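Secondary and tertiary structure notes
Chain residues, written in single-letter form:
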Amino acid sequence: MQHALLVVNPKSRNGHSEVLTEAIDLLRNSGIEVEVCVTESASHMASCIENYREQDGVVIVAGGDGTISSALESIYKSKQTLAILPMGTANDFARSLGLPQDVVPAVQAIIDDERERINLAKVNGNYFVNVAHVGLGVEVTRELTSEMKKYFGVFAYLGAFTSVVKRNKSFKVAIKADDWEGSVRAIHLAVGNGRFYGGGNIVDDDSTLLDGQLNLFCLKPIRWWRLLLLGVNFRHGNLGKAERVVCKKAREISIKTSRPKQIQADGEFKTDTPAEFEVIPKAIEVIVGDMPVPNKNKE
């Protein structure tokens with residue numbers, strides 16, 4: 001690698017100006033020429049990425065999962081190599097790539113330049129890398145504020161979850177996952193592409209960004225206190241062993257709800273139901289760290 005475009009979310013820059021300067025100095029001292037683009041909007045970020053034409057170059061996105069998600073379509077269509085400097089609250093994409101949660105160690109991974117081709121997912125034509133939610137997950141994201149994230153970090157997700165779980169309402173959903181079809185009443189449905197979501201929870205204990213599959217889990221109505229007891233299952237990715245949970249793996253998934261419901265992915269609003277999900281195996285090249293290994297002992 002000889003050249004890199006560093007795309008910076010202004011909100012990230014305001015909170016990390018010193019560490020960003022250190023990161024740029026480390027990259028330049030390693031012999032990488034760095035061009036910096038401080039984005040003014042999502043369209044400006046897309047323009048910066050699509051106009052980057054350096055040979056042997058890499059696009060480094062500095063920000064959280066939402067910023068990275070906004071850059072995915074441009075990265076994919078322009079066939080750029082993606083690297084990230086994690087500057088969000090959850091940094092679940094960085095976790096799925098096996099990257100350090102701190103910026104400076106993440107710079108070393110960029111310098112080491114180990115690459116993999118990973119899956120992307122689409123919902124109604126919108127790209128995402130981590131997880132798309134309907135129901136409870138959307139309400140949790142709505143409950144989160146920037147102040148909560150700033151002061152409580154990943155623990156803000158737990159606080160938001162506790163706040164919304166008692167008032168969350170169920171909905172009817174028809175699901176098709178490859179050749180399987182079913183209809184259930186649910187309080188939450190998620191379709192995962194990556195391994196981590198919600199600040200380190202695991203989608204499924206054998207999920208990775210390399211497996212070419214989507215992981216669906218759907219929670220049926222359950223008393224709030226029993227839902228809280230599922231916290232360990234959420235954390236370790238073994239929801240398939242829990243009661244009142246539907247889990248499926250598929251390359252294509254479609255869902256239809258009794259009424260249109262919002263779908264959020266990577267912490268951002270993407271579309272509404274009904275929805276069509278698909279996975280694009282080995283869609284983009286990324287710089288990785290020590291990527292998590294799936295559970296080999298899973299039955």
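Residues numbered from 1 in each chain as written. Predicted model: local features only at pLDDT ≥ 70, side-chain atom pairs only at ≥ 80, totals over all residues. Heavy atoms only, no water.

1. Notes on the side chain of Thr-67
Along the chain, the position of Thr-67 falls in helix H4 (residues 65-77). Among the residues examined, Thr-67 registers a relative accessible area of 12% and is labelled buried. (Helix = DSSP H or I, 4+ residues; strand = E, 2+ residues; numbered from the N terminus. Buried < 20%, exposed > 50% of the residue type's maximum accessible area, 1.4 Å probe, protein only.)

2. A word on a negative patch on the surface
There is a patch of like negative charges on the surface, built from Asp-178, Asp-179, Glu-181, Glu-252, Glu-276 and Glu-278. Tracing the sequence through the fold places Glu-252 in strand S15 (residues 252-257). (Patch = residues over 30% accessible without salt bridge, like charges linked within 9 Å, V, L, I, M, F, W, Y side chains within 5 Å. Areas by Shrake-Rupley, 256 points an atom, 1.4 Å probe, with all protein chains shown as cover. Salt bridge = Lys/Arg side-chain N within 4 Å of Asp/Glu carboxyl O. Lys, Arg positive; Asp, Glu negative; His and termini not counted. Charge placed at Lys NZ, Arg CZ, Asp CG, Glu CD.)

3. Thoughts on helix H2 (residues 17-29)
Over its 13 residues, H2 extends 18 Å from the first C-alpha to the last, a length consistent with the 18 Å expected when each residue adds 1.5 Å. Buried residues of H2: Leu-20, Ala-23, Ile-24 and Leu-27, and no others. Down the axis of H2, the sector holding all buried residues measures 95 degrees, keeping them to one side. Pointing more than 90 degrees away from the buried face of H2 are the exposed residues Glu-18 and Asn-29. Once H2 ends, the next one or two residues include Gly-31, with phi positive near 100 degrees. (Expected span 1.5 Å × (residues − 1). Arc of directions from axis to C-beta.)

4. Remarks on the sheet that holds strand S10 (residues 188-192)
If you trace the six strands from one edge of the open sheet to the other, you get S14-S13-S10-S7-S16-S17, paired in antiparallel fashion. Single-partner strands in this sheet number two, and they are strand S14 (245-250) and strand S17 (268-272). The sheet shows a mean angle of 20 degrees between the axes of neighbouring strands, direction not considered. With four bridges connecting them, strand S16 (residues 262-265) and S17 associate as antiparallel partners. The partner of Ile-263 across the bridge, within S17, is Thr-271. (Pairing = 2+ DSSP bridges. Axes fitted to C-alpha atoms, helices over the stretch in contact; angles between N-to-C directions.)

5. A closer look at the state of the cysteines
What the rule picks out here adds up to one disulfide. In this model, Cys-37 is linked to Cys-48 through a disulfide, with the two sulfur atoms separated by 2.1 Å. On the sign convention where negative means left-handed, the S-S torsion of about 45 degrees between Cys-37 and Cys-48 marks this disulfide as right-handed. Pair noted here: Cys-37 is in strand S2 (residues 33-38) and Cys-48 is in helix H3 (residues 42-50), with a separation of eleven residues, a long-range link. Neither Cys-37 nor Cys-48 differs from the other in exposure class; each is buried. In this structure Cys-218 is not part of a disulfide, and its nearest cysteine sulfur, from Cys-247, lies 9.2 Å away. Since its relative accessible area comes to 0%, Cys-218 is described here as buried. (Disulfide = S-S within 2.5 Å.)

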